[in-house]
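Chain by chain, the residues run as shown.
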Number of protein chains: 2
Amino acid sequence: MKLTINKTDLISALNYVSKAVSTRTTNPSLEGMYLSCANNILTLFATDLEMSIHTHVDVEMLQSGSVVVPSRIFIEIVRKLPSEQILIETDENKMHLVSDESQIDIHIQSAANYPAIPSVSVTDYMILGSDKLKRAIRETIFAAAIDAQMPVLTGLLLEMSKDQFQLTALDGYRMAIRKETIEDGLEFSCIIPARVLSELYKILNLESNSDVMIKYAEKSVHFTIGDTILISNLIGGNFIKYNDIIPKNSNLIVKTATKKLLDACERASLVAREGKNNLIKFHFEEEQFHIVSNSEVGSANEYVESEIQGSDLKISFNSKYFIDVLKNTSEETVVLYFIDNLSPCVVKTPNSEEMLHVILPVRYKE
Amino acid sequence: MKLTINKTDLISALNYVSKAVSTRTTNPSLEGMYLSCANNILTLFATDLEMSIHTHVDVEMLQSGSVVVPSRIFIEIVRKLPSEQILIETDENKMHLVSDESQIDIHIQSAANYPAIPSVSVTDYMILGSDKLKRAIRETIFAAAIDAQMPVLTGLLLEMSKDQFQLTALDGYRMAIRKETIEDGLEFSCIIPARVLSELYKILNLESNSDVMIKYAEKSVHFTIGDTILISNLIGGNFIKYNDIIPKNSNLIVKTATKKLLDACERASLVAREGKNNLIKFHFEEEQFHIVSNSEVGSANEYVESEIQGSDLKISFNSKYFIDVLKNTSEETVVLYFIDNLSPCVVKTPNSEEMLHVILPVRYKE
């Protein structure tokens, strides 16, 4: 392989593909990145066996070829090279980089043992606005389980239909749902690992305002963003029947400004956090909403301006669950629905089903 | 104590004083901050017994008094309070904060056991430009020893005279000296803990372009920046006779652009770092300057454009020592002086003695 490449183009491609490089792996070749040059195009590819990312860059090719280069050191060196033009030349054992007065050799591995770039046999596709996908991921991903006994809970359920898609995540203590309207959607549902969606979110942030093309195969889902394709393996098994979890009635409805409620929860949490339990109490009495917390360092009493309909209630929550919801929504107003102090609270936007959160309370103690 | 205070003023004062709060202490009262209100002025004071910082803020006082409040939680809460006006009221056990709809109590300690604010009996003072002091600290502090068998090496030697001051730091492998011209300086020299100068540097960065007033007492040095006074204890003992360490002659003189040499060292270091030894080699042959490094991941060969006078030389260094010098200087050109590959290298600015670094080589191996 021998080629000259523009440094800015190469760094941009590396920023995408590096998201799929294994950081903790027992297979050393997965710490590498696969580079292949043919027809004046350099293809970059990495996989951690849960997902793969590949992209390509136009280059001036002098000789075709394929290699696997250690990712981290390759990226660090390219970023530091002195000029915009980089000559890359490989022999059996090393990659030789030349940029102005700098010449660097990196030991490489054979491309023979690296996994192949997945081929896509599916032709059906749909187009989704990047902003909608980003919002749906941001508003739900925090509710996925980190390390669950049920593997499906470490993923997010993606339900796609002709005019709507929905992401759902839950960890046994809370559930997050976001719906977005679309046009000409495919009909499928699948469970995508939360870690993959987290990397997809970062990639969507690298591209400004582009559309995402989505293809669905039986065991994988493909996201195409500009020149970059991210392929995620899917988590097998059935997702929780989440509709059964959503309370259908309520005895108390509270409408309030998102930012004011977030700030009050954060202040109460500062005091509660010192007690290691993150416990904050919501008191609804005489049509007033107070948030109360206390620990060995002190106590907080927050009055939250709100519209209140229904019966009085005292209920406790882990403050983190409310802060996660309120910090990640772009909605200016939220509505809370309560039944009693043992039943889950529902958080929605007014007059809309697009956002829905369910949060389990903690047993209330005076 | 009862007062109303402007939130922005209070946060600004906390940003200064918190720099002296002990983070690791066996004395719990040192995790606190001392607040005292009298004559419509709130004084804030913290000390870790190595240094102390105090400052003051105008307030609307309703009742005088003194308390010790836990620093970290107090600062976090004040930052999150909803309005610009804060009412602070204390009783024997707690501080009560009111800001709009938020009411927070923090348990406090008696001020009786907290160290007293040091009184300053010295009247002699001098004025120093903040920019000169910042530059001198930045260009020398990295060379102080972190955890030395000789306590004096964990400090920086400050030598003050009528028309010049000098900071000197050394750790046994390298030495950094910065001189700055001044007017009407006091005559003294003392050893200031590196950690204190690091906090002073941060404080100088909070104030833009102000002057610093310096007073020297037998066992402490006082820096006044705006309304804030930082008092540092001094390290006892005699500093190393550093003039004996500076090589006086040279067989090879190399003049080069700081930025180009830094970039070349950093690239060579990326490869060397993987070998865990940080070793880079300087080769001066046929009036050319090459930097060479290699490890199991690969090798780097950097050509550094420079003016070279003297004999050929091959010499090895820990790359970190050169990178520290080159990254922290504002000089565009540096001159390197070498004797042989066992003798220390001197780094200076052209035609000036204001900056001087001495770096020990590592034994050269082919």
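Keep in mind it's a predicted model, so treat the numbers as computed, not measured.

Draft legend 1. Examining the nonpolar core more closely. Counting residues in each nonpolar core, the largest one holds 220 residues, and the members touching the most others are Phe282, Leu336 and Phe338 of chain A together with Phe282, Leu336 and Phe338 of chain B. Each residue touching Phe282 of chain A, except ones within four places of it in the same chain, is listed here: Cys265, Phe289, His290, Ile291, Leu313, Lys314, Ile315, Phe317, Phe322, Leu336 and Phe338 of chain A.

Draft legend 2. Summary view of the packing of helix 5 (residues 258–273) of chain A against helix 2 (residues 71–80) of chain B. One way to put it is that helix 5 of chain A packs onto helix 2 of chain B with a least axis distance of 9 Å and a crossing angle of 170°. Taken together, the axes of helix 5 of chain A and helix 2 of chain B lie roughly antiparallel to each other. Every residue of helix 2 of chain B that contacts helix 5 of chain A at Glu266, Arg267, Leu270, Val271 and Arg273 of chain A is listed here: Ile73, Glu76, Ile77 and Lys80 of chain B. For the contact of helix 5 of chain A with helix 2 of chain B, the residue count by class is four nonpolar, no polar and five charged.

Draft legend 3. Spatial organisation of the sheet that holds strand 18 (residues 252–257) of chain B. Residues and elements named next belong to chain B. If you walk across this open sheet you meet the nine strands as 14-11-12-13-26-25-24-18-22, and the pairing is antiparallel. A single partner strand is all that each edge strand has here, and the edge strands are strand 14 (188–193) and strand 22 (306–310). Strand after strand, the sheet turns through a mean of 15° between neighbouring axes, direction not considered. Examined bridge by bridge, strand 25 (residues 345–348) and strand 26 (residues 355–359) share four bridges and lie antiparallel to one another. Each residue of the ladder has a partner; that of Val346, found in strand 26, is Val358. Packed onto the sheet, helix 3 (residues 130–140) meets strand 11 (155–160), strand 12 (164–170), strand 13 (174–181) and strand 26 and runs at close to 170° relative to strand 13. Running over the sheet, helix 6 (residues 319–328) touches strand 13, strand 24 (333–338), strand 25 and strand 26 and is turned about 175° from strand 26.

Draft legend 4. Just the interface of chain B and chain A, in detail. With 30 residues of chain B at the contact, the number on the chain A side is 30 residues. For the pair chain B and chain A, the summed buried area comes to about 2600 Å², and 49% of that belongs to carbon and sulfur atoms. In terms of surface lost to chain A, no three residues of chain B exceed Lys80, Glu101 and Arg267 of chain B, which account for 24% of the buried area on that side. Inspection of the chain B/chain A interface yields two salt bridges. Between Lys80 of chain A and Glu266 of chain B there is a salt bridge; the shortest N-O distance is 2.8 Å.

Draft legend 5. Local environment of the sheet that holds strand 1 (residues 2–6) of chain A. Taken together, the nine strands give an open sheet; going across it, the order is 5(A)-1(A)-7(A)-8(A)-9(A)-21(B)-20(B)-19(B)-23(B), and neighbouring strands pair in antiparallel fashion. Taken across any chain shown, the strands that pair with only one partner, and hence form the sheet edges, are strand 5 (60–63) of chain A together with strand 23 (313–318) of chain B. Neighbour-to-neighbour, the strand axes of the sheet open up by a mean angle of 15°, direction not taken into account. Taken together, the five bridges between strand 9 (residues 102–107) of chain A and strand 21 (residues 298–303) of chain B define a ladder with antiparallel strand orientation. Bridging across to strand 21 of chain B, Ile104 of chain A finds its partner in Ala300 of chain B. Strand contacts of helix 6 of chain B: strand 19 (279–285) and strand 23 of chain B, with the helix running at about 80° to strand 23 of chain B, the strand carrying the most contacts.

Draft legend 6. Spatial organisation of the relation of the copies chain B and chain A. Superposing chain B onto chain A takes a rotation of 180° plus a shift of 0.0 Å along the axis, which leaves an RMSD of 0.0 Å. The two molecules are tied by a two-fold rotation axis, judged by turn and shift. Looking at chain B, 100% of its interface residues are interface residues in chain A too, so the copies touch through the same face.

Conventions we followed
- Residues numbered from 1 in each chain as written.
- Chains lettered and ligands numbered in written order.
- Predicted model: local features only at pLDDT ≥ 70, side-chain atom pairs only at ≥ 80, totals over all residues.
- Heavy atoms only, no water.
- Core = buried A, V, L, I, M, F, W, Y, C linked by side-chain atoms within 4.5 Å.
- Buried < 20%, exposed > 50% of the residue type's maximum accessible area, 1.4 Å probe, protein only.
- Contact = heavy atoms within 4.5 Å.
- Axes fitted to C-alpha atoms, helices over the stretch in contact; angles between N-to-C directions.
- Helix = DSSP H or I, 4+ residues; strand = E, 2+ residues; numbered from the N terminus.
- Parallel < 35°, antiparallel > 145°, perpendicular 65-115°, else oblique.
- Nonpolar A, V, L, I, M, F, W, Y, C, P; charged D, E, K, R; others polar.
- Pairing = 2+ DSSP bridges.
- Buried area = accessible area lost by both parts, 1.4 Å probe.
- Salt bridge = Lys/Arg side-chain N within 4 Å of Asp/Glu carboxyl O.
- Least-squares fit on C-alpha atoms with pLDDT ≥ 70 in both.

By themselves, these observations are geometric and do not establish any function.
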